[in-house]
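Here's the letter readout for the chains.
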Amino acid sequence: MSRPPSPLMDDGTSRPTIRVDLQLVADMVEPGCRVLDIGCGEGVLLDYLYRFKQVDGRGMELSMAGVRAAVAHGLSVVQGDADTDLKDYPTGAFDYVILSQTLQATRAPKTVLQHMLRIGRRAIVSFPNFGHWRVRKSLLFQGRMPVTETLTFQWFDTPNIHLCTIRDFTDLCQSLDISVERAVSLNARGMIRFDAGGALANLLGEQAVFLLRRD
Amino acid sequence: MSASPTLGRLSLPGHRLELGAEAPLQLDCGHALAPVTIAYQTYGRLNDDKSNAILICHALTGDQFVAETHPVTGKPGWWEEMVGPGCVLDTDRYFLICANVLGGCMGTTGPADENPATGKPWGLSFPVITIGDMVRAQLRLVDSLGIDQLFCVIGGSMGGMQVLEWAVRYPQRVFAAIPIACSARHSAQNIAFAEVGRQAIIADPDWHGGDYPLHDRRPERGLAVARMAAHITYLSEPALHRKFGRNLQGRTLTYGFNADFQVESYLRHQGSSFVERFDANSYLYITRAMDYFDLAADHGGVLANAFRGIKTRFCIISFTSDWLFPTKESRAIVHALNSVAANVSFVEVASDKGHDAFLLDEPEFHATLSGFLDGAAEHRGLPRGKDR
């Protein structure tokens, strides 16, 4: 049965456009599996995964506006907070647990990451890279907190309370015995991609997407 | 004294299912109840494979007249805006069923009916019923209609309790469940309010120990007070203030105990119009059923255990200003469902209209329901509605 075009995405093409980091995340997900998307917003990624990867998807979103939009679109989404509500989910309930551009806004990123890899066989995490050269330049030459295409907030109103670099994140994974299956870093528009394990990724990547697995 | 609301029951419009003495309803209290009449209404058409049925569960004082002029009050149905062609509960796509609950007074067997053993009205000899018993009666109706699996069970308040009971007790028979503005157990505060209502009825000398039909009386004052107290809990302080403030009925205070304030007059009207359509003993029995409801109790006190292995798709909805069944009650259900990785959506709708918001035209509420039902319909292989 065909579904009418989704209001969440461009229609008319067989491969609708979603945000470039979401596309990268979506490409890492095997078809037909179970996915929990934490911080799913209005459910753009879930909707994409459902349509094009036949995924059994669930979402969690902090903002009620996002939840309402997602549920009104027929997606299974609950209002919840990654910091407090992940503990409710049973171990191994999902194939993938996804956290896109949200880790840096959580109160306890380490705990969130541990929960993700408890709940899911694999986790996919995307985050802005604080090691990017523009960030470094802003601090080094202007002596100011950076405001960039991926870090758009001023210091006083940013929700990003736990920013990290690709290297920091890799270290955390290592200390938690989490294997990195794939890591890609890219610029804001996704035009340039590096293997995030590479030496230059931490300097040239504006954001990173990690596919993680429990050891 | 006005005529008993039960007098005209046999002439009420709609369908009836009769359960005879050979097939009594086994109640939680141990009593086998027979005969039992279940009065119900339907809207829309059951499709060929009987996969498009939605069971609507009504609240404490609701009934089966969901979307039509009420035969007793002459008022519109309680969910009239929700039901119809192209509406949220789209009668072009779904077959809607709503039955008067067991213990009710709109045609389904209740305490006002005749006890076959005595030939007199049951009164307080009617067995105490539970939400589980109400659902058991509905199951018999669904069976009689030849429906293996309901596409959806939906209801608000006590209706939501029935939805939860359906999903937990008969998970294979419920594809999607929408419990609205309810909880998995009556809280101490809920029980306290229910008890105030019951005591108001019991304190009315016209109640006669529940045997008022034999005395040709009705405890109208007690039932009206019960309704007035309950009605306050269905609203919110901001909604009451917006509607009435401290506005006076007349020009000045009367320095007496007439209804000086508009809110008093409003409540008195709510009370007096309620007694015309509701039976006092039914009120006792149905509020008791709500008090006894505790979904976790049958599952070792752990709500999550009630939902283990459930495939039903849930959509839990609460309202920000509902203090009778506040959002935290819904959230407890969501947490329990999450903990067994059930398929659940949860939306708290912003409304200042209190508990009664589920009966009112709240666009966000309706959009949530439509979206969830469309998504569920797609997964069930039912045609989607026109794009709204």
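Reading the values: the criteria
- Throughout, residues of each chain are indexed from 1 in the direction in which the sequence is written.
- Labels are handed out in written order, letters beginning with A for the chains and numbers beginning with 1 for the ligands.
- It should be noted that, the model being predicted, local features are given only for residues of pLDDT at least 70 and side-chain atom pairs only at 80 or more, the latter also being counted only at that level, while totals for whole chains, interfaces and linings use all residues.
- As a rule here, side-chain values cover all heavy atoms of the structure and leave hydrogens and water aside.
- Going along the chain from the N terminus, every DSSP run of H or I of four or more residues is numbered as a helix, and every run of E of two or more is numbered as a strand.
- With C-alpha atoms as the basis for the radius of gyration, the globule rule is written as 2.2 Å multiplied by the number of residues raised to the power 0.38.
- Each residue gets one of three labels from its accessible area relative to the maximum for its type: buried under 20%, exposed over 50%, partly exposed in between, using a 1.4 Å probe on protein chains only.
- Every residue pair with non-hydrogen atoms within 4.5 Å of one another is taken to be in contact.
- Here the Shrake-Rupley method, with its probe set to 1.4 Å, supplies the accessible areas, and only the displayed protein chains count as covering residues.
- Residues counted as positive are Lys and Arg, residues counted as negative are Asp and Glu, and His and the chain ends are not counted.
- For charged residues, the charge sits on one atom: NZ in Lys, CZ in Arg, CG in Asp, CD in Glu.
- Take the buried Ala, Val, Leu, Ile, Met, Phe, Trp, Tyr and Cys residues and link them wherever side-chain atoms come within 4.5 Å; each set so joined is a nonpolar core.
- Where each domain starts and ends follows an automatic or database-derived domain assignment.
- In short, buried area is how much 1.4 Å probe accessible area vanishes from two parts on joining, totalled over both.
- Salt bridge, as used here: a side-chain nitrogen of Lys or Arg that lies within 4 Å of a carboxyl oxygen of Asp or Glu.
- Like charges are joined within 9 Å and nonpolar side chains (Val, Leu, Ile, Met, Phe, Trp, Tyr) within 5 Å, but only among residues with over 30% relative accessible area and no salt bridge; these make up the patches.
- Pairs of N or O atoms within 3.5 Å make up the polar contacts considered here, provided that, within protein, one atom can donate a hydrogen while the other can accept it, and that residues adjacent in sequence are counted only when both atoms are side-chain atoms.
- Side-chain classes follow a simple rule in which Ala, Val, Leu, Ile, Met, Phe, Trp, Tyr, Cys and Pro form the nonpolar group, Asp, Glu, Lys and Arg form the charged group, and the remainder, Gly included, forms the polar group.
- For every residue, the predictor assigns a confidence score, pLDDT, that lies between 0 and 100.

### Description of the overall build of chain A
Consideration 1: Tallying secondary structure elements over chain A gives 8 helices and 8 strands in all.
Consideration 2: By the compact-globule yardstick of 17 Å for 215 residues, chain A fits well, its C-alpha radius of gyration being 17 Å.
Consideration 3: With the C-alpha coordinates of chain A rotated into their principal frame, the extents come out at 55 × 40 × 30 Å.
Consideration 4: In chain A, which comprises 215 residues, the share counted as buried stands at 53%.
Consideration 5: Taking all contacts inside chain A whose residues are at least 6 apart in sequence as the whole, residues at least 24 apart take part in 66%.
Consideration 6: Surface summary for chain A: the accessible area is close to 9,800 Å², and the carbon and sulfur share equals 53%.
Consideration 7: Here chain A holds 24 positive side-chain charges and 24 negative ones, and the gap between their average locations is 2 Å.

### Quick notes on the overall build of chain B
Consideration 1: The number of helices and strands found in chain B is 10 helices and 14 strands.
Consideration 2: Taking 21 Å as the expected radius of gyration for a compact globule of 388 residues, we find that chain B reaches 21 Å, a close match to that expectation.
Consideration 3: In chain B, which comprises 388 residues, the proportion classed as buried is 60%.
Consideration 4: Once local pairs closer than 6 in sequence are excluded, the contacts in chain B between residues at least 24 apart make up 71%.

### Describing the environment of G66(A)
Consideration 1: Within the secondary structure layout, G66(A) lies in helix α3 (residues 64-72).
Consideration 2: Among all residues touching G66(A), those that are not within four sequence positions of it are G41(A), E42(A) and E61(A).

### Observations concerning the nonpolar core
Consideration 1: By size, the foremost hydrophobic cluster in this structure holds 160 residues, and its most contacted members are I56(B), W79(B), I180(B) and F307(B).
Consideration 2: When residues of this core are assigned to domains, at least three map to each of domain 1 (14-186 + 296-380) and domain 2 (191-287) of chain B.
Consideration 3: Dropping the residues within four chain positions of it, F307(B) is found in contact with L164(B), V168(B), L295(B), F314(B), I333(B), A336(B), L337(B) and V340(B).
Consideration 4: I18(A), L22(A), C33(A) and L49(A) belong to the second-largest nonpolar core, a separate cluster that totals 21 residues.

### Some remarks on α3(A)
Consideration 1: Turning to α3(A), its buried residues number three or more, namely M64(A), G66(A), V67(A), R68(A), A70(A) and V71(A).
Consideration 2: The secondary structure elements touched by the buried residues of α3(A) are β2 (56-61) and β3 (77-79) of chain A together with β13 (313-319), β14 (343-349) and α10 (363-380) of chain B.
Consideration 3: G74(A) occupies a position one or two residues after α3(A) and carries a positive phi of about 90 degrees.

### Observations concerning the interface of chain B and chain A
Consideration 1: On the side of chain A, 24 residues touch chain B, which itself brings 30 residues to the contact.
Consideration 2: Both sides of the chain B and chain A interface together cover about 2,100 Å² of buried area, and 52% of this is carbon and sulfur.
Consideration 3: Ranking the residues of chain B by area buried against chain A places N338(B), A341(B) and E378(B) at the top, with a combined share of 23%.
Consideration 4: At the boundary of chain B and chain A, one finds 1 salt bridge.
Consideration 5: A salt bridge links R68(A) to E364(B); its shortest N-O distance comes to 2.9 Å.
Consideration 6: Counting residues per element, the ones that place at least two in the side of chain B that touches chain A are β13, α9 (327-338), β14 and α10 of chain B.

### A closer look at a nonpolar patch on the surface
Residues and elements named next belong to chain A.
Consideration 1: A cluster of nonpolar side chains, namely L139, M145, W155 and F156, defines an oily patch on the protein surface of about 490 Å² accessible area.
Consideration 2: Structurally, F156 is set in the loop between α6 (133-142) and α7 (166-175).
Consideration 3: Given the relative accessible area of 57%, F156 is considered exposed.

### Side note on the domain arrangement of chain B
Residue and element names in this part refer to chain B.
Consideration 1: Parsing chain B into structural domains produces domain 1 (14-186 + 296-380) and domain 2 (191-287).
Consideration 2: Using C-alpha coordinates to define each centre, domain 1 is positioned 26 Å away from domain 2.
Consideration 3: Across the boundary between the two partners, domain 1 contributes 32 residues, which contact 30 residues of domain 2.
Consideration 4: Taking both sides of the interface into account, the surface hidden between domain 1 and domain 2 amounts to around 2,500 Å²; carbon and sulfur atoms contribute 65%.
Consideration 5: Here R242 ties to D352 by a salt bridge, and the two come within 2.4 Å at their closest N and O atoms.
Consideration 6: If you look at where domain 1 meets domain 2, you find 12 residue pairs in polar contact (both at pLDDT 80 or more).
Consideration 7: Of the residues that constitute the side of domain 1 that touches domain 2, the class distribution is 17 nonpolar, 10 polar and 5 charged.

### Brief notes about the pattern of salt bridges
All names here are of chain B.
Consideration 1: For the structure on display, the rule yields 28 salt bridges over all chains.
Consideration 2: Where R173 meets D143, a salt bridge forms, and the shortest distance between an N and an O atom there is 2.8 Å. Pair noted here: R173 is in the loop between α2 (158-169) and β12 (174-180) and D143 is in helix α1 (residues 131-144), with a separation of 30 residues, a long-range link.
Consideration 3: Judged by relative accessible area, R173 falls into the buried class, the value being 18%.
Consideration 4: Taking relative accessible area as the criterion, D143 reaches 38% and is therefore assigned partly exposed.

### As for the side chain of H355(B)
All names here are of chain B.
Consideration 1: Looking at the element boundaries, H355 is found in the loop between β14 and α10.
Consideration 2: The buried category is assigned to H355, whose relative accessible area is 1%.
Consideration 3: Polar contacts involving the side chain of H355 include one to the side chain of S157, which spans 2.7 Å.
Consideration 4: Apart from the residues lying within four places of it in its own chain, the contact partners of H355 are S157, A181, T233, Y234, D322, L324 and F325.

### Side note on the confidence of the model for chain A
Consideration 1: For chain A, the average pLDDT comes to 88, and 91% of its residues sit at 70 or higher.
Consideration 2: The model gives residues 1-14 of chain A a pLDDT under 50, and that stretch makes 34 contacts with residues more than four places away or in other chains.

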